[in-house]
Amino acid sequence: MPSVHAYFNKKNALTVKGQVDDQHRGQVDGQHRGKAEGSRRGQAAAPVILMVSGGADSMALLHMATTEPLDLGDGAGIVRVAKERLHVLHVNHLLRGTDANADQRFVQETCNSLGVPCTALRVDVAKLAQERDGNVEDVGRRVRYDAARELAQKLCVEQGVSRQKAKILTAHTADDRAETFMMNVMRGSGMSGLASIPRHRGLIYRPLLNYTHDQLKDWLKARDLDWHEDATNTDTHYLRAYMRHNVLPLLKARNPMLVQTVCKIADLMTDEDDYLE
C-alpha cells in the first residue's frame, strides 16, 4: 500500500501539472485572441479602394461609401466603412479627349469636397492595345485592375497592414451582370462564364450587384448628386453597348424581370462552379 507521503507527492505533481496545463492553455488562448484582435485591427486599418470613373454607378458607389453602410459581400453584413480607409482610383484612358479630362477633374473635385484622397492615372490605352494587338476594352480593364492592385499594395505597405486585408470596390450593377452573362452565352462560355460577374474574387468586391443602373441614377437624383455620361456607352460598335441597347430591351419586353432572373442564374452558376473547384 503506498505511503501517505507518496499519495500527497503524486497529488501535488498532478496539481502542478494541471496548473502548467492551464497556464499553457491560457497562453495559447491569449495568442489566439491576440492574433484575432490583430487581424481585426489590420482589417479596420486596411485601405478600401473605390474605382470611380465619374459615371452614375461609380459616383453612387463613392457617395454611398461615404454616407451609408454597405454590404461588401465579405460575410460581415451591412457595415459602415471608416472614411479614413477610403481611397479613390480614377484611370483616364485618354480615349475621349476633353471629355475624359473633364471626367478626371470632376472625380478629383468631388473627392476633394468629400475629403477622400484620390489617385488619378493617365494611361494611353489605345496605344497599349495597338502594341499588344489587343482589344481596347480588354486592355483598359486590365490596366484599371492592375492599377488598383498596385495602389492597394502601396497603401498597405504605407499603413503596415497585410495586402490581403485591402478591398477594391467596383460599381458593377445587376445590369452589367446580365449583359456579361448574355455576352458569354453568345461566346459559348462554360459554367464559369455563365457565373458572369462574381460578387467577390480576391481583393475585388462588388457591393452594388443587387442594384440596377436606373435605381442608382434615381438614388443620385433624390440627393441632387451629379454624374457624367460617357458617350461611348451608346456606341453599339462595342459588344456591351450592342447588348445593352439592342438585345436586352427586346428580351425585357417579353420578361420585365429579365435582369433579376439572369442574376439568379448567375448566382447558381457561381455556387456550382465554386463547388466543382
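If you're wondering where the values come from, they're calculated on a predicted model, not measured in any experiment.

Parameters and conventions
Residues numbered from 1 in each chain as written. Predicted model: local features only at pLDDT ≥ 70, side-chain atom pairs only at ≥ 80, totals over all residues. Heavy atoms only, no water. Buried < 20%, exposed > 50% of the residue type's maximum accessible area, 1.4 Å probe, protein only. Helix = DSSP H or I, 4+ residues; strand = E, 2+ residues; numbered from the N terminus. Pairing = 2+ DSSP bridges. Right-handed = clockwise from strand over helix to strand, strands pointing away. Polar contact = N/O pair within 3.5 Å; in protein donor to acceptor, adjacent residues only side chain to side chain. Contact = heavy atoms within 4.5 Å. 1 Å grid on protein atoms, 1.4 Å probe; cavity = no way out; pocket = protein on both sides within 12 Å on 5 of 7 lines; lining within 4 Å. Points joined across faces, edges and corners; volume = space filled by probe spheres on them. Nonpolar A, V, L, I, M, F, W, Y, C, P; charged D, E, K, R; others polar.

**Describing the pairing of strand E4 (residues 86–92)**
So, point 1. Among the seven residues that make up E4, seven are buried, leaving the element largely enclosed by the rest of the structure.
So, point 2. Where burial is concerned, the two faces of E4 agree: the one with Leu 86, Val 88, His 90 and Asn 92 and the one with His 87, Leu 89 and Val 91 are both buried.
So, point 3. Relative to E4, strand E1 (residues 48–51) runs parallel, the two sharing four bridges. Directly across from Met 51, in E4, lies its bridge partner Leu 89.
So, point 4. The pairing of E4 with strand E5 (residues 118–122) spans five bridges and is parallel. Within E5, the residue paired with Asn 92 across the bridge is Arg 122.
So, point 5. What joins E4 to E5 is helix H3 (residues 98–114), and the crossover it makes is right-handed.

**Thoughts on the side chain of Gln 104**
So, point 1. The topology assignment puts Gln 104 in helix H3.
So, point 2. Only 3.1 Å separates the side chain of Gln 104 from the side chain of Arg 122, close enough to count as a polar contact.
So, point 3. Not counting residues within four places of it along the chain, the set of residues in contact with Gln 104 comprises His 90, Asn 92, Ala 120 and Arg 122.

**Considerations on the layout of surface pockets**
So, point 1. Here the second largest pocket defines a volume of roughly 240 Å³.
So, point 2. What lines the second largest pocket is a set of 15 residues, and nearest its centre among them are Pro 198, Arg 199, His 200, Thr 270 and Asp 274.
So, point 3. Looking at the lining of the second largest pocket, the elements with two or more residues in it are strand E7 (200–201) and helix H10 (258–276).
So, point 4. Per-element tally for the lining of the second largest pocket: the top contributor is H10, with five residues.
So, point 5. Counted by class, the lining of the second largest pocket contains two nonpolar, five polar and eight charged residues.

**Considering unusual backbone geometry**
So, point 1. The phi dihedral of Leu 94 falls on the positive side, at around 55 degrees, and the residue is not glycine.
So, point 2. Here Leu 94 is to be found in the loop between E4 and H3.
So, point 3. Judged by relative accessible area, Leu 94 falls into the partly exposed class, the value being 34%.
So, point 4. Positive phi is not limited to glycine here, since Ser 196 has a value of about 60 degrees.
So, point 5. Relative to the assigned elements, Ser 196 resides in the loop between helix H7 (191–194) and E7.
So, point 6. By relative accessible area, Ser 196 is classed as buried at 10%.

**Observations regarding the environment of Val 79**
So, point 1. Among the secondary structure elements, Val 79 is positioned in strand E3 (residues 78–79).
So, point 2. Look at Val 79 and you get partly exposed, because its relative accessible area is 30%.
So, point 3. Sequence separation between Val 79 and Glu 68 is eleven residues, and the spatial gap between their C-alpha atoms is 8.3 Å.

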